[in-house]
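Spelled out from the first residue to the last, the chains are:
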Amino acid sequence: MALTYFGKGRGGAGGSSDMGQAKFAAIQEVRAYWEALREDGRLPRRDQIDPRGLSSALEQVFLIEQIAPGQARFRLAGMHLNDLMGMEVRGMPITALFEPAGRLRLSEALEQVFAGPSVLDLWLEGERGIGRPALEGRMTILPLLGHKGEPSLALGCLATMGTLGRAPRRFVISGLVREPVRVVAPVGTTPSLIKTGFAEAQAEFAPRPPRGKPNLRLVSSND
């Protein structure tokens, strides 16, 4: 069951009308691409992501990696994110795009993207000020399998509507939806090999030879 949180502002989850979907078409494109890569219900792998499949949304796409529970940094990012911040964002924490009041809320939800795993959708409003007019935003974060086969990466998209204005532009969260992802175990995986979080697999028991009785017996050539 998806968990939905609403905040102040008109950009909350209740604004997901047909008009809202059309304004943020890049979000829908990235989600559809991710869903298409989910073979047999598994999470997509990082090496399956082909930029050519995201050509019309590429400037708004990003890739993040988990560096600690609730924390992630940009590994790759399209030019739109660099324009919003007025600098190269690669290597920066994703929380740098948010106002301080929204960073804790993001971190709590982001932890579930990797631990759940879950899909995260955010409705955003840009900070206002001199040279910073009204700016709406939508962000989606979709879990991926890293090179160790665990959901330690995520594909994302940040789309905005309005004038960028003076950089950096940071956001507050006006709406948030977390959608748990049902993941199917790979074929051939036995229950004993699936991480349960309770205990590690125990080593197979091997009997020891009786004490006091050597394993080898010296035989004389004169016998």
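Just so we're clear, the structure is a prediction, and the values are computed from it rather than from any experiment.

Explain helix H4 (residues 100–115) residue by residue, including any values.
Over its 16 residues, H4 extends 24 Å from the first C-alpha to the last, a length consistent with the 22 Å expected when each residue adds 1.5 Å. Among the residues of H4, Gly102, Leu106, Ser107, Ala109, Leu110, Val113 and Phe114 are the ones counted as buried.

Now, about the environment of arginine 178: what can you tell me, with residues and values included?
Along the polypeptide, arginine 178 turns up in strand E7 (residues 171–180). Sequence separation between arginine 178 and threonine 140 is 38 residues, and the spatial gap between their C-alpha atoms is 9.9 Å.

Can you tell me about the confidence of the model for the chain, naming the residues and giving the values?
On average, residues of the chain score 80 in pLDDT, and 73% of them are at 70 or above. This model gives residues 187–211 a pLDDT under 50, and the stretch forms four contacts once residues within four places in sequence are excluded. Here residues 213–221 is a poorly scored stretch, pLDDT under 50, and it has one contact once near neighbours within four places are set aside; other chains count.

Account for the pairing of strand E5 (residues 135–144), naming residues and giving values.
The two faces of the sheet receive side chains in turn, since in a regular strand these alternate between them. The element E5 is extensively covered by neighbouring structure, given that nine of its 10 residues are classed as buried. Taken together, the six bridges between strand E4 (residues 118–126) and E5 define a ladder with antiparallel strand orientation. Paired with aspartate 121 across the bridge in E5 is threonine 140.

Help me get a handle on the nonpolar core, residues and values and all.
Core analysis: the largest hydrophobic core is formed by 29 residues, its most contacted members being Ile64, Ile94, Met139 and Ile141. Elements represented by at least two residues in this core include exactly strand E2 (61–68), strand E3 (71–77), helix H3 (79–85), H4, E4, E5, strand E6 (153–162) and E7. The element best represented in this core is H4, accounting for five residues. Phe24, Trp34, Val61 and Cys157 belong to the second largest nonpolar core, which has 22 residues in total.

So what about the environment of valine 183? Which residues, and what values?
Take valine 183: it is sitting in the segment after E7. Separated by 67 residues in sequence, valine 183 and glycine 116 have C-alpha atoms that sit 9.6 Å apart. Those residues in contact with valine 183 that lie beyond four places of it in its chain are Arg38, Gly41, Arg42, Leu43 and Pro117.

What counts, and at which threshold
- Residues numbered from 1 in each chain as written.
- Predicted model: local features only at pLDDT ≥ 70, side-chain atom pairs only at ≥ 80, totals over all residues.
- Heavy atoms only, no water.
- Helix = DSSP H or I, 4+ residues; strand = E, 2+ residues; numbered from the N terminus.
- Expected span 1.5 Å × (residues − 1).
- Buried < 20%, exposed > 50% of the residue type's maximum accessible area, 1.4 Å probe, protein only.
- pLDDT = per-residue confidence, 0-100.
- Contact = heavy atoms within 4.5 Å.
- Pairing = 2+ DSSP bridges.
- Core = buried A, V, L, I, M, F, W, Y, C linked by side-chain atoms within 4.5 Å.

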